[in-house]
Amino acid sequence: MRLFRFLFLPAAAGVACTALGLYWWAPRGSPKSPIVLEDVTASSGIQWIHTDGSCGHRYIVETVTAGLATFDYDGDGFIDIYFVNGAWLRGCPQPPSHPPNALYRNQGKFNFQDVTFFANVGDIGYGLGVAVGDYNNDGFPDLYINNFGPNLLFRNNGDGTFVDVTQIAGVDAGDLVGAGASFLDIDGDGDLDLYVANYVDFSFETYRPHIIEGRHIYPGPMIYDGVPDILYRNEGDGTFRDITAEAGIIEDGVGTGMGMICADYDNDGDTDIFVLNDVAHNYFWENNGRGQFSEVGLPRGVAFDAQGRYLASMGVDCADFDNDGWLDFFHTAYSEQMPALYRNTGKGFFEEIASQLVPGTSLFPHINWGCNFVDFDNDGWVDLFVANGNTQDNLEDLAAHITYRAQNTILRNIQGQRFEELTSVAGSGLRPIESSRGSAADDLDQDGRVDIVVLNARSRPSILRNVSPGHNNWILVTLVGTRSNREGIGSHVTVVAGELRQLREVHSGRSYQGHCGTQLHFGVAHHRKIDRLEVRWHGGSTQIWENLPARKWWILIEGAPEAVAGPVTPPPHDAWPQLKEWLARALPR
Amino acid sequence: MSGAVETNGGKTPATSSEGGKVLSASNRLRGLIIALLVLMLITAGEYLYMWQVGFFRQIETEAEPELSQGHPDVYRPVADRYRGKVNPIQQEALALADLVIAKWPESVPALFIRGLILNKFLSRDLGVACLLECIRRAPHFAEPYYWVGLDRFKRGEYEKTINFLRQAVALNIPLADARVVLAEALGLLGRHNEAVLVLREQLEQMPDHPGTRFYLAHNLERVGQFTEAEHHYRQVIRLQPDNYQAWHGLAMLAQRLGRKAEAEEYFAICRKLQTTFHAGHQEARRRYDDHESLSTSLATAYTDVGKLFIEQGEPDEAAKMWLRAAEIDKEHRECRLFLADYYAFRREWAKAAQVLEELCQLEPNQVKHRVNTGAAWMAAGDYSKARAFFEAACDLAPNRADGYVGLVELTLVTGKDVNTAVDLAQRIVKLEPTADHYFLLARAYWAAGDPEQALQAAERAAVLDPGSRQYKEFLTRLKTVAAKHLGSEGGESSSPE
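**Q** How do you make sense of the overall build of chain A when you look at a structure like this?
**A** A count of helical and extended segments in chain A gives seven helices and 38 strands. Overall size of chain A, expressed as C-alpha extent along the three principal axes, is 75 × 65 × 60 Å. Counted over contacts in chain A with a minimum sequence separation of 6, partners at least 24 positions apart contribute 62%. Accessible surface, chain A as shown: approximately 18,900 Å² in total, 54% of it carbon and sulfur. In chain A, 41 positive and 75 negative side-chain charges are present, and the distance between their average locations comes to 9 Å.

This is the structure we're talking about:
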């Protein structure tokens, strides 16, 4: 202590004086961190508060709600937000009103309007996961909600409203504890099929309190059996058919599904399925190109961590973090576990290298949930955002680090070689201490810098505006499929700008039981143009565009030779007079 | 256009015309010079003061900065304050933690035990505060470094973990886990080469420690030494054929080296073993309360406090602790071992035998428990029970000498059926030809009235262990007695013992 005091005092005085001098000398607002996120929740207009329905019973489902989705539901070019909510649970006092899921329409400039009731998506079931995909290829993304209880499919009517088509479509999945979900085209027929992950066989009837060290705490998943996932095939007529077993999705009985993502990891043109399991080995369902799957998690190297241990896997994202042309995975895990970073070797298997590349200081003590590969500083290398928080809310007296609420994490990618911890210097956006669950990454203000939305359990969400300094360039890319599915889900986009070569895939369903990133974002550092942009449409052809200017939102239509530059300012909101009228009525309230 | 990247808070670079918001270049320079001068003056003043107070002499003795961060409850009783707020097991544990510090306020081992109890039953932070206090008071006590290191590891504070565990290792902590966790922390910082060094050191002392070999293999793989990594994975499998993680490591390595068929074979084994492991893990975790494991922890705490009483020369108090431990946890082994020792020390052989019988039930495959129980019954004079336990030991491990040794000793004590004792002793030296066993054979021959054979066996014992004074003396006396015996045929035989 004495050493600290004696060396610290002169050092501190020196730093203070130098800072004072530099305050005059240097330009004001000089950046300390290449990545800065600003917490703009207070001014965002978002008042929604998440509930897990808890009242002391400590049901396991309370710990795992919920994910969220960011997507442009109304086609105005601005990405909107859908929050999934928990609900009243048996044995608890009835609330005065049932808390719904919420849809917030992006009005630009980080201002959001609650349009839940107008849009008819205010489900009051116990929500866990959400996926977005245009299953009927009408140009408007639809919503699938994975609940504890029957699931829901909301078809987007294209006029700002949705309609519940669950029963017609046949995708309610029964009365299970759901998890993540993803739309994917399993057989390249241009229709989006649907994979629904399920968690554990919890029910109120079999519930018993879980007492550890004299405390009534939330149980882990091992106290229950896993519940098999479901694969639905899109029949192309608005209905789906359960083809789980038919497609080879035959589990070994331990599947406690959590987050999931679909990706073509081996560049063979079909989409494979990566399902995280909580305290069990992960499933990797490899597609044979005809919609038949086999589980290959172990030989592909993604079942376990580097030491061959199964983790309490939570959320997952996919990107080519080292720009070697192969998609990699990152998934989060429980406290006192390192998350897993699976580097795709390009030889048909992955190597788990988190301990080599990812500093664990801010991740290891906490449970990590949502995770997003995002190029926050537009340097051409995807960084990482991780949402943290514990499931237990009554252990804080046990140890200072076991806290229900925890700081989220930002890690900067240093040219694919390692990740650097920036959490403490990355601005006010990292200051909220909440028990975060889902996280979504999208450019909410179309300024070329990807922002973050975090769903916080039992609290308001966090809206984090990316205000990172620097002059790096970027492009946004939206795919419009004509022969392949409408949103280009499963398509690969390769962007070459100077020495940078980046690969992205359009995913439906990612992070922690959520969805984001249908609009692709590429940071291209100092390059002012894209030398080459290649789209390998899912199940179809490959198209190439060259010399596209940077700092634009490019809309690429399958089969159309010209790239269309999308507007990067909000279009007039007159597409739907009905919505406008409703908003006008809603505003004074 | 909203897509424009904003800099300087959205402002263009400031100029002197902008209301004097930014000082001119000369003013900036002046500010900087003033700041540097102030810095130099303050630093010089501080150093002068430090020199005066002799600070530099103390630098070397300064330990970890956090050692001075005390916790008010390190020495203060806690049990009463938590009465009614914690369950009865925790309450009893807290009372025990208070007892040790009240009884031995100056004892660091007592504070260490208190730290472990509080860490488990009340607060990890308070427990660690006690352990840090142990380090402050006794910097050469290895165990607290290990436990604090482990705590720092769980917090993701790897550098601190490394510092504490290096200290524990430097102080020769007998726990293999210390180096393993140290290596893991180094690995998590990407310092795999250092981890390899740490584990290699440990391997020299513990070549059959599977954890050391596994982590060594893992770290070697990380630094690209695949051949040696493979060797160590195989060694883990030799030691623990069911270790699915080692099979996974081997499979991944084979895959990485392009040996696909081999990799597939190992993956198949791994999958099978992992399925069994997961089922067992799930079964173990499928409990709605941990009353049982909490009871075990409390029994361990009582056992540790019993050891403290022994160190302080109070064996009867120690026995009370172990009895309570045995009462709380019907399956606690360590407290029963101590209790048996205590009763043996008190020559209360029947009680010792009863405790050892409980151990036999808890660990039915442990030959040593059966042999010890037989020995205790023999000492208690219950030869039939003693024989039953020795025979059970022989049945359990027919190729080990222990049970037969008991039977021979029993025969020598009772003097009945000594010829069988000779046969058994011959079998023993065939199984394990050690000096002890030849000595036993010599005694059996002598008891059977065969001094020549006894002499030969005793000479063999003395050859095998030439340093043994006991054997030499026995041999000398045996020779003397044998000479007398041969010289006065038909005279009374006398014992060399």
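On we go.
**Q** Even after reading the chapter, I still don't get the overall build of chain B, so can you show me in this structure?
**A** Secondary structure summary: chain B contains 24 helices and zero strands in total. The 497 residues of chain B split such that 45% are buried. Accessible area for chain B stands at about 25,400 Å²; split by element, carbon and sulfur atoms hold 53% of it.

**Q** How should I be thinking about the sheet that holds strand 17 (residues 272-277) of chain A in this particular structure?
**A** As a general point, the strands of a sheet are linked pairwise by backbone hydrogen bonds and lie either parallel or antiparallel. Residues and elements named next belong to chain A. Pairing is antiparallel across the open sheet formed by four strands, whose spatial order is 16-17-18-19. Each end of this open sheet is capped by a strand with a single partner; those strands are strand 16 (257-263) and strand 19 (293-295). Taken pair by pair, the neighbouring strands of this sheet meet at an average axis angle of 20°, ignoring direction. Across five bridges, strand 16 lies against strand 17 in antiparallel orientation. Pairing of Met260 across the sheet is with Val275, part of strand 17.

**Q** Is there a simple way to explain empty space enclosed by the protein in this structure?
**A** A probe as big as a water molecule, rolled over the atoms, marks out the empty space that is left. Within the structure shown, the criterion is met by six cavities of 30 Å³ or more. Of the volumes computed, that of the largest cavity is approximately 240 Å³. Secondary structure elements with two or more residues in the lining of the largest cavity: strand 20 (316-319), strand 24 (368-374), strand 28 (436-442), strand 33 (500-505) and strand 34 (520-525) of chain A. Residue composition of the lining of the largest cavity, by class: 10 nonpolar, five polar and seven charged. In this structure, the second largest cavity is lined by Pro221(A), Met222(A), Tyr224(A), Gly226(A), Gly253(A), Val254(A), Thr256(A), Asp278(A), Val279(A), Ala280(A), His278(B) and Gln282(B).

**Q** Hey, could you run me through the confidence of the model for chain A in this one?
**A** Regions with low pLDDT should not have their predicted coordinates read in detail. Residue and element names in this part refer to chain A. When pLDDT is averaged along chain A, the result is 91, and 91% of the positions lie at 70 or above. Per-residue pLDDT stays below 50 along residues 21-30; that stretch engages in 11 contacts with residues further than four places along the chain or on separate chains. Low pLDDT (under 50) marks residues 571-576, which in the prediction has 11 contacts with non-local residues, meaning those over four places away or in another chain.

**Q** Any chance you could explain the nonpolar core here in plain terms?
**A** Generally speaking, a soluble globular protein has its nonpolar side chains buried in company with each other. In this structure, Val61(A), Phe202(A), Leu341(A), Val358(A), Phe373(A), Phe419(A) and Ile117(B) are the most contacted members of the largest nonpolar core, which totals 197 residues. Ranked by size, the runner-up nonpolar core spans 37 residues in total, among them Val165(A), Ala173(A), Leu192(A) and Phe522(A).

**Q** Just checking my understanding: could you explain the packing of aromatic side chains for this structure?
**A** Think of a pair of aromatic rings as described by two things: how far the centres are apart, and how the planes are tilted against each other in angle. Taken as a whole and judged by the stated rule, the model has 41 aromatic pairs over all chains. Aromatic side chains Tyr265(A) and Phe284(A) sit 5.0 Å apart centroid to centroid with 90° between the ring planes, which places their arrangement in the edge-to-face category. Remark: Phe284(A) occurs in strand 18 (residues 283-287) and Tyr265(A) occurs in the loop between strand 16 and strand 17; sequence separation between them is 19 residues. The ring of Tyr82(B) carries the charged tip of Lys85(B) above its face, separated from the ring centre by 5.9 Å. Across from the ring centre of Tyr438(B), 5.7 Å away, lies the NZ or CZ of Arg460(B), which sits over that ring.

**Q** Please explain the sheet that holds strand 38 (residues 564-566) of chain A as it appears in this structure.
**A** Residue and element names in this part refer to chain A. Reading across the sheet, the four strands line up as 34-31-37-38 and stay open at both edges, with mixed pairing between neighbours. The sheet terminates laterally at strand 34 and strand 38, the two strands that pair on one side only. Strand after strand, the sheet turns through a mean of 30° between neighbouring axes, direction not considered. Where strand 37 (residues 552-557) lies against strand 38, three bridges are found, and the strand directions are antiparallel. Along strand 38, the bridge assignment pairs Ile555 with Val564.

**Q** Is there a simple way to explain the pattern of salt bridges in this structure?
**A** As a working rule, side chains carrying opposite charge can pair if their charged atoms are close by. Tallying each qualifying case throughout the model produces 65 salt bridges over all chains. The shortest N-O distance in the salt bridge between Arg234(B) and Glu262(B) comes to 3.4 Å. One end of the pair, Arg234(B), is in helix 11 (residues 226-239); the other, Glu262(B), is in helix 13 (residues 260-285), with 28 residues separating them in the sequence. In this structure, the salt-bridge partner of Lys351(B) is Glu348(B), at a minimum N-O distance of 3.2 Å. By relative accessible area, Lys351(B) is classed as partly exposed at 41%. Through salt bridges with shared partners, one network takes in Asp187(A), Asp189(A), Arg233(A), Glu235(A), Arg241(A) and Glu246(A).

**Q** What is the right way to read the state of the cysteines from this model?
**A** Under the counting rule described, the total for this entry stands at one disulfide over all chains. Covalently, Cys55(A) is tied to Cys92(A) through a disulfide, its sulfur atoms 2.0 Å apart. The chirality of the disulfide connecting Cys55(A) with Cys92(A) is left-handed, given an S-S dihedral of about -85°. With Cys55(A) in the loop between strand 1 (37-39) and helix 2 (61-64) and Cys92(A) in the loop between strand 3 (80-83) and strand 4 (102-106), this residue pair connects regions lying 37 residues apart in the sequence. For Cys55(A), a relative accessible area of 36% gives the class partly exposed. With no disulfide of its own, Cys134(B) lies 7.1 Å from the sulfur of Cys130(B), the closest cysteine sulfur. Cys360(B) supplies the cysteine sulfur nearest to Cys335(B), a cysteine that is in no disulfide, at a spacing of 15 Å.

**Q** Looking at this structure, I do not really get the confidence of the model for chain B. What am I missing?
**A** Residue and element names in this part refer to chain B. Confidence in the prediction of chain B, expressed as mean pLDDT, is 86, and 84% of residues score 70 or more. Long-range and interchain partners of residues 1-24, a stretch whose pLDDT sits below 50, account for 30 contacts in this model, where long-range means more than four residues apart. Long-range and interchain partners of residues 49-63, a stretch whose pLDDT sits below 50, account for 16 contacts in this model, where long-range means more than four residues apart. For this predicted complex, the interface confidence score (ipTM) comes to 0.89, while the overall pTM stands at 0.83.

**Q** Where do I start with unusual backbone geometry in this structure?
**A** The general pattern is negative phi for most residues beyond glycine and trans for most peptide bonds. Residue and element names in this part refer to chain A. Each neighbour pair has its own omega, and for Thr65 with Ala66 the value is 10°, a cis peptide bond. Residue placement: Ala66 occurs in the loop between helix 2 and strand 2 (68-71). Positive phi is not limited to glycine here, since Asn323 has a value of about 50°. Among the secondary structure elements, Asn323 is positioned in the loop between strand 20 and strand 21 (328-331).

**Q** What should I look at first to understand the side chain of Gln519(A) in this one?
**A** Residue and element names in this part refer to chain A. Relative to the assigned elements, Gln519 resides in the loop between strand 33 and strand 34. In terms of polar contacts, Gln519 uses its side chain to reach the side chain of Gln446, at 3.4 Å. Sequence-distant contacts of Gln519, defined by excluding residues within four places in its chain, comprise Ile79, Asp442, Asp443, Gln446, Leu476, Val477, Thr478 and Trp553.

**Q** Before we go on, may I ask you to explain the pairing of strand 37 of chain A in this structure?
**A** On a regular strand, each side chain points to the face opposite its neighbour's, so the side chains alternate between the two faces of the sheet. Looking at chain direction, strand 31 (residues 473-480) of chain A and strand 37 of chain A are connected through six bridges and run parallel. Pairing of Thr478(A) across the sheet is with Ile555(A), part of strand 37 of chain A.

**Q** Is there a simple way to explain the packing of helix 6 (residues 142-154) of chain B against helix 7 (residues 158-170) of chain B in this structure?
**A** Packed helix pairs are characterised by how far apart their axes lie and by the angle those axes make with each other. All names here are of chain B. Viewed as axis vectors pointing N to C, helix 6 and helix 7 meet at an angle of 160°, and their least axial separation amounts to 8 Å. If you check the angle between helix 6 and helix 7, you find them roughly antiparallel. In this structure, helix 6 meets helix 7 at a crossing whose hand is left-handed. The segment helix 6 lies against helix 7, with Ala142, Tyr145, Tyr146, Val148, Gly149, Arg152 and Phe153 engaging Tyr158, Lys160, Thr161, Phe164, Leu165, Gln167 and Ala168. The residue inventory of the contact of helix 6 with helix 7, partitioned by class, reads nine nonpolar, three polar and two charged.

**Q** Can you help me understand the packing of helix 17 (residues 349-362) of chain B against helix 18 (residues 367-380) of chain B in this one?
**A** Residues and elements named next belong to chain B. Where helix 17 meets helix 18, the axes come as close as 8 Å, and the angle between the chain directions of the two elements is 160°. Comparing the axis directions of helix 17 and helix 18 gives the class roughly antiparallel. Note that helix 17 runs across helix 18; the crossing there is left-handed. Along its contact with helix 17, which presents Trp349, Ala350, Ala352, Ala353, Gln354, Leu356, Glu357, Leu359 and Cys360, the element helix 18 presents His369, Arg370, Asn372, Thr373, Ala376, Trp377, Ala379 and Ala380. Residues of the contact of helix 17 with helix 18, tallied by class, amount to 11 nonpolar, four polar and two charged.

Criteria and cut-off values
- Residues numbered from 1 in each chain as written.
- Chains lettered and ligands numbered in written order.
- Predicted model: local features only at pLDDT ≥ 70, side-chain atom pairs only at ≥ 80, totals over all residues.
- Heavy atoms only, no water.
- Helix = DSSP H or I, 4+ residues; strand = E, 2+ residues; numbered from the N terminus.
- Contact = heavy atoms within 4.5 Å.
- Areas by Shrake-Rupley, 256 points an atom, 1.4 Å probe, with all protein chains shown as cover.
- Lys, Arg positive; Asp, Glu negative; His and termini not counted.
- Charge placed at Lys NZ, Arg CZ, Asp CG, Glu CD.
- Buried < 20%, exposed > 50% of the residue type's maximum accessible area, 1.4 Å probe, protein only.
- Pairing = 2+ DSSP bridges.
- Axes fitted to C-alpha atoms, helices over the stretch in contact; angles between N-to-C directions.
- 1 Å grid on protein atoms, 1.4 Å probe; cavity = no way out; pocket = protein on both sides within 12 Å on 5 of 7 lines; lining within 4 Å.
- Points joined across faces, edges and corners; volume = space filled by probe spheres on them.
- Nonpolar A, V, L, I, M, F, W, Y, C, P; charged D, E, K, R; others polar.
- pLDDT = per-residue confidence, 0-100.
- Core = buried A, V, L, I, M, F, W, Y, C linked by side-chain atoms within 4.5 Å.
- Phe/Tyr/Trp six-rings, centres within 6.5 Å; stacked < 30°, edge-to-face > 60°.
- Lys NZ or Arg CZ within 6 Å of the ring centre and 35° of its normal.
- Salt bridge = Lys/Arg side-chain N within 4 Å of Asp/Glu carboxyl O.
- Disulfide = S-S within 2.5 Å.
- Polar contact = N/O pair within 3.5 Å; in protein donor to acceptor, adjacent residues only side chain to side chain.
- Parallel < 35°, antiparallel > 145°, perpendicular 65-115°, else oblique.
- Left-handed = near helix turned anticlockwise from the far one by under 90°.

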